[in-house]
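Structural characterization, general
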Amino acid sequence: MLILDRLRQSFAAALDKAVQHFIDQGSADSASSTNDFAGLSQQDLESYAAMVRPTADPRFGDYQANCAMPLAKILGRAPRDIATALVHYLDVADMCDDVQIAGPGFINLRLKSQFLGDQIALMLKDDRLGVPLTTSPRTIVVDYSSPNVAKPMHVGHIRSTVIGDALARTFRFMGHHVITDNHLGDWGTQFGMVIYGFKHFGDEAALTSCPVDELSRLYRLVNRIIEYHTAASEIESARTAVADTARMAEAAQDAIAAAKEPKEKKSLEKSHASISKKHAAAIEKRDKLELIVTSSADDATFMHLAAQHPDIADAVLNETARLHEGDADNLALWKRFLPYCRDEIDRIYQRLDVSFDHTLGESFYHEMLGKVVEDLRSAGLASDSEGAVCVFLPDFDAPMIVRKRDGAFLYATTDLATLFYRRQHFAADEILYVVDSRQSEHFEKLFAVARRIGFEDIQLVHVNFGTVLGADGRPFKTRSGSSVGLESLLDEAVSRAMAVVCDPERSARLDPPMDDFEKRQIASVVGHGAIKYADLSHHRTSDYKFDLQKMVSMDGNTSTYIQYAYARVSGIMQKGGTELQQIARFSNAPLLDDPSERALAMTLLKFGESLAQVRAEYAPNFLVDYLYETARAYAVFNENCPVLKASDDQTTRSRLVLVATTARVLRQGLELLGIQVVARM
RNA sequence: GCGCCCGUAGCUCAAUUGGAUAGAGCGUCGGCCUCCGAAGCCGAAGGUUGUGGGUUCAAAUCCCGCCGGGCGUACCA
């Protein structure tokens, strides 16, 4: 059991007794006691016991209990009296050598060094590093990554992929039955685009020799033509909008000048600000369209193509519709293209070391959609509205549309079908959707419908995440407005790592020297790790600025820092000529005389706590923070405590235990994040 | 208009969900390689947690009002 959980258990017992003590006292002395408090329920007990937590500051010890203050109110006693009683009934003598009451009634606990040492020895001998398997395993479906295939993956896909993968690995390690499922977008308009593209601009030879490049070319070309026509048709109204908002802003300005009462003025100023904002947005939109139109005008070849395909957007939708209806030609093309698309994304997954138990894309559910809509209808939930089939929900303005006017289904329909499938085939207790925050309303509706059709027993969670921003604080895009390709970023990160690995000053120290294979291996592990770590180190719900320079700088709080700590640890063990397993098997509890030894041991023992945090909030950044803290504690230890050059053998053996445990925690922790390590770098 | 999210050090971000004197990294300034890896370590400066109220033993965290930003909002996903 985790130390924290043991302490909480001890406190739960002490709480029970202490509360009883005060109740008894109250009834015997009814004059001074006004409370008719009957005692704590099991749930209360647990919630008060949960107020035991690691201290924020080492001056207060290792753990602190904060439950005396809130109890004071309920029991009608001074918080310090409660704390005193708690300490009296608390039985932690085997773990703690010091229990103190401080401030308004904090109970500070300091663990015995002997106890910490014993725990480290146990941890090192344990395959699971002292992390217990969960006592309540659940079947958890993790739905993540889910890119649209047939178009290149871009930075927008990295968060879902990396966060989902880390959660799946972590929960699996904790003992849950995790099923990962990549809900691929393999049935949408992008295939209509590629099909249309192939029929009109396709190059059979190119498709045979480099299918992925050809498909990507077709997608981009069709997309560009569509964007061009859209821009050309909208630009006039965009210009008008700029002029209109400018006039409105002017009028609003005049109104402010004319206003007499301050109150009126204030409200007018507010509306002026709102109009100004609209004006700015209108300008931005116009400029964007202007850019598309003018930059295309210079490209004669492109303009020729665009002119030949004026109705391309409708035609693409038509191709998509025909695919969905089972048109033989389109279906044959789809079947031909899909494997290439899969190969393409699989190559990226391989680079990222990400894999899935299932890849059930939208196409997989296609034939179930009609039934989903009919079932909703017969259950009285769905009804016709403006030609579409809709589910109206009390808490939402807009309905959830499950079938369009033209008969086509939507992603809401697919998501419902997926839900049925996962219940039936996966027996899920919990389904996690690792998807962008911007889709939260969709999931709120989806979950609301799910509750109405009998999914109350499955915990549905939208594991939302924020947007990846560029240096300007706007969603990360290239200057031309297109998304930044994921693969080029990975390449860049790896090549920067390679430059550091190949630094002659650094490699000169290594014996034996590195060959090219090892250098490439290290650059790959460091480069890919840098990208993942940067993403995982932010809380998932916050937006963050994507700064490649910072990620691969190899300084400060980066994956490199932790990988480097691991490499140093490995270096010591290798130099010592002692196999890690041997150290684990033959060593006793380490002595923790130096403060940095004790601090390192304390940190190592909190590994399981960090995983519990990840689990509670579906947030891998807690594990990242923990690993950084661990690597830091190791660095301090490493600075202060020679291992192989310690004054005596006993100290060397003792410290080797800490070194070996550090190695395992860092490696295991990074592995749960999907990040690899190397023995030297 | 309505709804959701966010304002924390010069910059990028944390803060175990209400706990003690708000922490890291980058950047700046100053120290440390005859000693197991300097991709490292130590120190300094830097804050009225956007703002004004409220709730209580205790607020960056919860509630209300402002100010500023982002996103979503009936047939794309």
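Relevant structure appears above.
Figured I'd write up the structure that's included with this text. Fair warning: this is a prediction, and the values are worked out from it, not measured in the lab. (Residues numbered from 1 in each chain as written. Chains lettered and ligands numbered in written order. Predicted model: local features only at pLDDT ≥ 70, side-chain atom pairs only at ≥ 80, totals over all residues. Heavy atoms only, no water.)

Our focus in this paragraph is the overall build of chain A. Looking only at helices and strands, chain A features 27 helices and 13 strands. Dimensions along the principal axes, computed over C-alpha positions, put chain A at roughly 85 × 80 × 60 Å. Across the 681 residues in chain A, those meeting the buried criterion constitute 48%. A fraction of 75% describes how many contacts in chain A between residues 6 or more apart in sequence connect residues 24 or more apart. When the accessible surface of chain A is totalled, it reaches about 33,100 Å², and 51% of it is carbon and sulfur. (Helix = DSSP H or I, 4+ residues; strand = E, 2+ residues; numbered from the N terminus. Buried < 20%, exposed > 50% of the residue type's maximum accessible area, 1.4 Å probe, protein only. Contact = heavy atoms within 4.5 Å. Areas by Shrake-Rupley, 256 points an atom, 1.4 Å probe, with all protein chains shown as cover.)

Here the focus is the nonpolar core. One finds F546 and F607 to be the most contacted residues of the largest nonpolar core, which totals 170 residues. Not counting the four nearest positions on each side in its chain, F607 is found in contact with M123, L129, V131, F173, L623, Y626, V665, Q668, G669 and L672. Grouped together as the second largest cluster of nonpolar side chains are 36 residues, I179, M400, F447 and I458 included. (Core = buried A, V, L, I, M, F, W, Y, C linked by side-chain atoms within 4.5 Å.)

What follows deals with the pairing of strand 6 (residues 177–181). The buried fraction of strand 6 is high, at four of five residues. Two elements, strand 5 (residues 139–143) and strand 6, share five bridges in a ladder whose sense is parallel. Within strand 6, the position partnered with I140 by the bridge is V178. One crossover worth recording links strand 5 to the parallel strand 6 by way of helix 6 (residues 158–173), and it is right-handed. (Pairing = 2+ DSSP bridges. Right-handed = clockwise from strand over helix to strand, strands pointing away.)

The next thing to look at is the pattern of salt bridges. Evaluation of the coordinates by the stated rule reveals 36 salt bridges. The residue D181 makes a salt bridge to R422 at a minimum N-O spacing of 2.8 Å. One end of the pair, D181, is in strand 6; the other, R422, is in helix 16 (residues 411–426), with 241 residues separating them in the sequence. With respect to class, D181 is no different from R422; both count as buried. Residues participating in the shared-partner salt-bridge network are E344, R347, R351, E487 and D491. (Salt bridge = Lys/Arg side-chain N within 4 Å of Asp/Glu carboxyl O.)

Another point: the pairing of strand 10 (residues 430–436). Counting buried residues in strand 10 gives seven out of seven residues, a clear majority hidden from the surface. In this sheet, strand 11 (residues 459–465) lies alongside strand 10 in parallel orientation, the contact comprising seven bridges. Pairing of Y433 across the sheet is with H462, part of strand 11. Handedness of the β-α-β unit built from strand 10, helix 17 (residues 440–452) and strand 11 comes out right-handed.

Summed over all chains, the structure comprises 21 aromatic pairs. Measuring from ring centre to ring centre gives 5.9 Å for Y228 and F302, while their planes differ by 90°; the resulting arrangement is edge-to-face. Of this pair, Y228 sits in helix 9 (residues 211–258) while F302 sits in helix 11 (residues 300–308), and the two are 74 residues apart along the sequence. This pair shows no difference in class: Y228 is buried, exactly as F302 is. Centre to centre, the rings of Y433 and F443 are 5.0 Å apart; their planes meet at 45°, and the pair counts as tilted. Highlighted residues: Y433 in strand 10 and F443 in helix 17, separated in sequence by ten residues. One exposure class covers both Y433 and F443, and it is buried. Taken together, the ring pairs connect F364, Y365, Y421 and F426 into an aromatic cluster. (Phe/Tyr/Trp six-rings, centres within 6.5 Å; stacked < 30°, edge-to-face > 60°.)

Attention now moves to the packing of helix 25 (residues 607–617) against helix 26 (residues 621–640). The packing of two helices is summarised by the inter-axis angle and the distance between the axes. Where helix 25 meets helix 26, the axes come as close as 8 Å, and the angle between the chain directions of the two elements is 160°. As summarised for this structure, helix 25 and helix 26 are arranged roughly antiparallel, according to the angle between their axes. By crossing handedness, the relation of helix 25 to helix 26 is classed as right-handed. Residues F607, S610, L611, Q613, V614 and E617 of helix 25 lie in contact with helix 26, whose contacting residues are F622, L623 and Y626. Split by residue class, the contact of helix 25 with helix 26 holds six nonpolar, two polar and one charged. (Axes fitted to C-alpha atoms, helices over the stretch in contact; angles between N-to-C directions. Parallel < 35°, antiparallel > 145°, perpendicular 65-115°, else oblique. Left-handed = near helix turned anticlockwise from the far one by under 90°. Nonpolar A, V, L, I, M, F, W, Y, C, P; charged D, E, K, R; others polar.)

Phi is positive for A427, close to 50°, though the residue is something other than glycine. The phi angle at M554 is positive, at roughly 70°, despite the residue not being glycine.

Here the focus is the sheet that holds strand 9 (residues 400–403). The pairing of strands in a sheet comes from backbone hydrogen bonds and takes either a parallel or an antiparallel form. Ordered in space as 7-8-9, the three strands form an open sheet in which the pairing is antiparallel. Edge strands, defined here as strands with exactly one partner in the open sheet, are strand 7 (382–385) and strand 9. Strand-to-strand twist of the sheet, defined as the mean angle between neighbouring strand axes without regard to direction, takes the value 45°. Sheet topology note: the strand 8 (residues 388–391)/strand 9 ladder contains three bridges and is antiparallel. Bridging from a neighbouring strand, C390 pairs with I401 of strand 9.

Moving on, we come to the protein's contact with RNA strand B. Taken together, 68 residues lie near RNA strand B, and K73, N108, K404, S542 and E617 sit nearest. When atoms of RNA strand B within 4 Å of the protein are sorted by moiety, sugar and phosphate together comprise 58%. Here a sugar or linking oxygen of RNA strand B and a side-chain polar atom of Q64 are 3.1 Å apart. At 2.8 Å, a backbone N or O of L644 approaches a base oxygen of RNA strand B. For the surface near RNA strand B, the residue count by class is 29 nonpolar, 14 polar and 25 charged. (Near = heavy atom within 4 Å. Polar contact = N/O pair within 3.5 Å; in protein donor to acceptor, adjacent residues only side chain to side chain.)

It is worth spelling out the environment of N330 at this point. Here N330 shows up in helix 13 (residues 328–352). Judged by relative accessible area, which is 0%, N330 ranks as buried. For the pair N330 and L71, spaced 259 residues apart in sequence, the C-alpha to C-alpha distance is 69 Å. Among all residues touching N330, those that are not within four sequence positions of it are I195, K199, E319, R322 and L323. A polar contact is formed between the side chain of N330 and the side chain of K199, at a distance of 2.7 Å. Here the side chain of N330 touches E319 through a polar contact of 2.9 Å, side chain to side chain.

Look at helix 24 (residues 595–604) against helix 26: their axes get within 9 Å of each other, and the N-to-C directions meet at 160°. Between helix 24 and helix 26, the angle falls in the class roughly antiparallel. The crossing of helix 24 and helix 26 is left-handed. Taking contact as the criterion, the partners of S596, E597, L600, T603 and L604 in helix 24 are, on helix 26, Y626, E629, T630, A633, Y634, V636, F637 and N640.

The next thing to look at is the side chain of E344. By the secondary structure assignment, E344 is in helix 13. If we ignore the near neighbours within four places in the chain, the residues touching E344 are V212 and E487.

For Y411, the location among the structural elements is in helix 16. Taking the C-alpha atoms as reference points, Y411 and G188, separated by 223 residues in sequence, lie 9.5 Å from one another.

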